[in-house]
Amino acid sequence: LSETMFQAVLINAQNLKIAKDEVEAIQLSLILGQRCGLRIGEIVKIRLNDVAQSSAYLEVRDNKYGNNKTSSALRRVLLSQLLIESDMLLLKRVVVRRHQSIGDTLIASQPGRAYSSGDMSRILTDLIKGTTGLAYLTTHHLRHSCLTNFQLMSFLYDKSYRFADFEHDSLQ
């Protein structure tokens, strides 16, 4: 997803006819997928105590809500490095509100219940497809976009990277 498409998806999420808390949970889920490369299963099982008090990072760990795909998926995600200012403000709002509510997951429905991976995946996929008009896009594309953006950034900012090492003329 391009940044333009992603911003359009966020705006359409904001216009959903559901409670503001749920809208922000959906928006934060989109952001954690696109900017941090988290899988939907990882997003829905983030507990409040997995987010650092400073909101600088979060821990992706196995917990009572489920296990990760592999042991190598256990990691610390540096939110302060990956999220833009408006994303961080949304994260902090959601964290504060969730601490004042029932349940212990970061992403929750209005009554404080954790979303299932399947339910959140359907919500986000419908938003992505409905916004972009591209029927093949799914939530996996959020993660792929994150990784593509990381690679692009390394090409742009890594002074030791040399395009001349490639044989294809379009990369010269």
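Structure's up top.
Residues numbered from 1 in each chain as written. Predicted model: local features only at pLDDT ≥ 70, side-chain atom pairs only at ≥ 80, totals over all residues. Heavy atoms only, no water.

**Student:** I'd like to hear about the overall build of the protein chain, residue by residue, with values.
**Tutor:** Counting its secondary structure elements, the protein chain contains 7 helices and 2 strands. Start at the N end of the protein chain and walk to the C end: the helices and strands fall as α-α-α-β-β-α-α-α-α. The 172 residues of the protein chain split such that 39% are buried. Taking all contacts inside the protein chain whose residues are at least 6 apart in sequence as the whole, residues at least 24 apart take part in 57%. Total accessible area computed for the protein chain in this model is approximately 9900 Å², and 54% of it derives from carbon and sulfur atoms. (Helix = DSSP H or I, 4+ residues; strand = E, 2+ residues; numbered from the N terminus. Buried < 20%, exposed > 50% of the residue type's maximum accessible area, 1.4 Å probe, protein only. Contact = heavy atoms within 4.5 Å. Areas by Shrake-Rupley, 256 points an atom, 1.4 Å probe, with all protein chains shown as cover.)

**Student:** Tell me about the state of the cysteines, and please be specific about residues and values.
**Tutor:** Within this structure, the stated rule accounts for 0 disulfides. Not part of a disulfide, Cys-36 finds its nearest cysteine sulfur in Cys-146, a span of 6.6 Å. The class of Cys-36 is buried, set by a relative accessible area of 9%. (Disulfide = S-S within 2.5 Å.)

**Student:** Break down the packing of helix α2 (residues 20-36) against helix α5 (residues 85-99) for me, citing the residues and quoting the values.
**Tutor:** Running from amino to carboxyl end, α2 crosses α5 at an angle of 130°, the nearest separation of the two axes being 10 Å. If you check the angle between α2 and α5, you find them oblique. Here α2 and α5 pass one another in a crossing that is left-handed. Residue-level inspection shows Asp-21, Glu-24, Gln-27, Leu-28, Ile-31 and Arg-35 of α2 in contact with α5, the latter providing Asp-87, Leu-90, Leu-91, Arg-93, Val-94 and Arg-97. When its residues are assigned to classes, the contact of α2 with α5 shows 5 nonpolar, 1 polar and 6 charged. (Axes fitted to C-alpha atoms, helices over the stretch in contact; angles between N-to-C directions. Parallel < 35°, antiparallel > 145°, perpendicular 65-115°, else oblique. Left-handed = near helix turned anticlockwise from the far one by under 90°. Nonpolar A, V, L, I, M, F, W, Y, C, P; charged D, E, K, R; others polar.)

**Student:** So what's going on with the packing of α2 against helix α6 (residues 117-132)? Residues and values would help.
**Tutor:** Running from amino to carboxyl end, α2 crosses α6 at an angle of 80°, the nearest separation of the two axes being 11 Å. The angle between α2 and α6 falls in the class roughly perpendicular. Facing Ile-26, Ser-29 and Leu-30 of α2, the residues of α6 in contact are Met-120, Ile-123, Leu-124, Leu-127 and Ile-128. For the contact of α2 with α6, a count of residues per class yields 7 nonpolar, 1 polar and no charged.

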